[in-house]
Amino acid sequence: MPKMPATSIVALTLLTIITSTSPGYGQDSKAPPLVNQINNGNWLSQSEAEAMRDELYYQRAVQVYMSMLPALNTIGMRDGSEAMFGKGYNVLPIWKQRMDARTWVPTPNADVIYSMSYLDLKETGPLVVAAPPNVIGMFTDFFQRTLTDVGAVGPDRARGGLYLLLPPDYEGEIPQGYFAFKSKTNNVFLFFRTLMAKGDNGPDPKPAVALAEQTRVYPLWSPEKNVKPMQFPDASGKRINMMYPVDNTYWTKLKAFVDYEPVSAIDPESRGTLAAIGIIKGQPFNPTAKEQELLQRAVTTAPKMIMAQRQLGRPDKRDLYYNDRQYLNTWAAGTAEWLQDGYLDLAQRASYFQIAYSTASAMVMRTINSGSKYPFAVRDANGEFLNGSNTYKLHLPPNPPAALFWAVTAYNITDGTMVEAPQLMPSINGYNKVATNSDGSIDLWFATEKPADAPASNFIQTVSARNFLVALRLYGTGVEFYDQTWKPDDVVKVK
């Protein structure tokens, strides 16, 4: 007879408990309730106890996966970047010809110039970042808790300035003249975006690249002659995997992170859950063969659980931007710290970091003509999931409320990477020479092949038989968006 899997044992045990606690089934009126509920007050059988222990280990691993995803999201980006371009405070990769589908990273923006690097304050001590003017950016720790916005919503107010990043254990004097911020983790994520100019035949990245290359990073206490010269490798056009792990390296990378960061970087309750699966700072992590199997099961199943939450939607409907549209708000009307009224929204946070990265106040606050908004749709006007085999049209009413620019991009639903078709940049923005209607409105098309009546400038290519999502970006969001006097139409299935 084949050995019964642990999941079957647990299911049989639960059935036994439900049956044995049904009214009239072996109840002892003189025994406390839990005695009646659990095996008439006796220990479990050895096999049942082992199955329960394994199930609890698995459930804890799922919980750890979801709670640590913000950090693994950043670690994946760092490891992919440093494998391609090298590491160091002076290495700032820039996507000089824009980012396309060959860069695997969650929901990247193809319509600005990206500069991203990963600073290690434990290795360097306090670092100064000279930010150029007119940057749209942020610094976060490796749990993607924002240290500060940079730019119009940041303390420099788009004028540029000197940002001083301090490690968690820094206790020295903070010199004047800097925007100073202490990180909870030794690792800090630098994420800058610079805006392209409108060229004769579409967006011109050169001014944005030149602006990004004004960034300077150097240790606070180093004299000029000892500072390493900046390197700005061009990341465009390269196949780069910057995604979080999908196998048991998730846990080994997490263990290395826990060992490297201070105890204070992770709250005690989360450390307790980590300890329950064997991840304790400074101690060996040697899961048994059975535990490795359960960890692999968790790293395979947890993403499906997160995806199921996204697919089925929130019962409270807080994630709907409109009462009469399909568009979703990935913060679900919470804050950039994932706070709702009275609680930390763990499920929404996990949903976000499965398909996106970097959260900052400027993305969530309702600032007028600054900041940015990102309504996105996974369903068409009829409530059906968007499918790459179909043809769709998106109508944008005239005058999108975006003082800087608007953009529409297609992404994979599973991880937020760009849809990769022969058209490598599945995005259209306000800098493009987009065909407009007589009233100034715009129709965009999505299909595997360009529809005959669709202008090439207004077409985004999809992948057959694969679901996708459509994200609308509004940079420099106007009041018309907030009071909903301007709303994008739903995506409509044409055929």
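Calculation rules
Residues numbered from 1 in each chain as written. Predicted model: local features only at pLDDT ≥ 70, side-chain atom pairs only at ≥ 80, totals over all residues. Heavy atoms only, no water. Helix = DSSP H or I, 4+ residues; strand = E, 2+ residues; numbered from the N terminus. Rg over C-alpha atoms; globule rule 2.2 N^0.38 Å. Buried < 20%, exposed > 50% of the residue type's maximum accessible area, 1.4 Å probe, protein only. Areas by Shrake-Rupley, 256 points an atom, 1.4 Å probe, with all protein chains shown as cover. Lys, Arg positive; Asp, Glu negative; His and termini not counted. Charge placed at Lys NZ, Arg CZ, Asp CG, Glu CD. Axes fitted to C-alpha atoms, helices over the stretch in contact; angles between N-to-C directions. Parallel < 35°, antiparallel > 145°, perpendicular 65-115°, else oblique. Left-handed = near helix turned anticlockwise from the far one by under 90°. Contact = heavy atoms within 4.5 Å. Nonpolar A, V, L, I, M, F, W, Y, C, P; charged D, E, K, R; others polar. Pairing = 2+ DSSP bridges. Salt bridge = Lys/Arg side-chain N within 4 Å of Asp/Glu carboxyl O. Polar contact = N/O pair within 3.5 Å; in protein donor to acceptor, adjacent residues only side chain to side chain. Arc of directions from axis to C-beta. Phe/Tyr/Trp six-rings, centres within 6.5 Å; stacked < 30°, edge-to-face > 60°.

A. Here's a closer look at the overall build of the protein. A count of helical and extended segments in the protein gives 11 helices and 23 strands. The C-alpha radius of gyration computed for the protein amounts to 25 Å, which stays within 12% of the reference 23 Å derived for 495 residues, consistent with globular compactness. Oriented by its inertia axes, the alpha-carbon framework of the protein measures out at about 85 × 65 × 40 Å. Burial status across the protein gives 52% buried among its 495 residues. Here the protein has roughly 22600 Å² of accessible surface; of this, 54% comes from carbon and sulfur atoms. Across the protein, the centroid of the 47 positively charged side chains sits 2 Å from that of the 47 negatively charged ones.

B. Quick look at the packing of helix 3 (residues 46–85) against helix 7 (residues 268–276). Where helix 3 contacts helix 7, the two axes come as close as 9 Å, and the packing angle between them is 135°. Taken together, helix 3 and helix 7 sit at an angle that is classed as oblique. As helix 3 runs across helix 7, the sense of the crossing is left-handed. Each of Tyr57, Arg60, Gln63, Val64 and Met68 in helix 3 lies in contact with helix 7, whose residues at this interface are Ser270, Thr273, Leu274 and Ala276. Here the contact of helix 3 with helix 7 is composed, by residue class, of 5 nonpolar, 3 polar and 1 charged.

C. Fine view of the sheet that holds strand 23 (residues 492–493). Taken in spatial order, the 4 strands of this open sheet run 21-20-17-23, and their pairing is mixed. The two strands at the open ends of the sheet, each matched to only one other strand, are strand 21 (459–461) and strand 23. Taken together, the 3 bridges between strand 20 (residues 442–447) and strand 21 define a ladder with parallel strand orientation. Counterpart to Ala447 in the pairing with strand 21 is Gln461.

D. Geometry of the side chain of Lys373. With respect to the helices, strands and loops of the structure, Lys373 is situated in strand 15 (residues 372–373). Here Lys373 occupies a buried position and makes no salt bridge, while the nearest side chain of opposite charge, Asp149, is found at 10 Å. Within the structure, the side chain of Lys373 is placed 3.4 Å from the backbone oxygen of Val364, a separation counted as a polar contact. For Lys373, the residues in contact, after removing those within four places along its chain, are Tyr321, Ala362, Met363, Val364, Met365, Leu472, Arg473, Leu474, Thr477, Phe481 and Tyr482.

E. Representation of helix 7 in the model. Looking at helix 7, one finds that the buried residues are Ser270, Arg271, Thr273 and Leu274. End-on view of helix 7: buried residues confined to an arc of 160°, all on one side of the axis. Structural note: helix 7 exposes Pro268 and Glu269 on the side pointing more than 90 degrees away from its buried face. Buried residues in helix 7 make contact with helix 3 and helix 6 (249–260). The backbone nitrogen of Glu269 has a side-chain oxygen 3.2 Å away, supplied by the residue at the start of helix 7, namely Asp267.

F. Seen up close, the packing of aromatic side chains. Throughout the structure, instances matching the rule amount to 28 aromatic pairs. Each ring, one from Tyr118 and one from Phe189, has its centre 5.3 Å from the other, and the planes form 10°; the classification is stacked. Residue Tyr118 is found in strand 2 (residues 113–120), and its partner Phe189 is found in strand 8 (residues 187–194); the two are separated by 71 residues along the sequence. Of the aromatic side chains, those joined through ring pairs into one cluster are Trp331, Trp338, Tyr352, Phe353, Tyr374, Phe405, Tyr431 and Tyr475.

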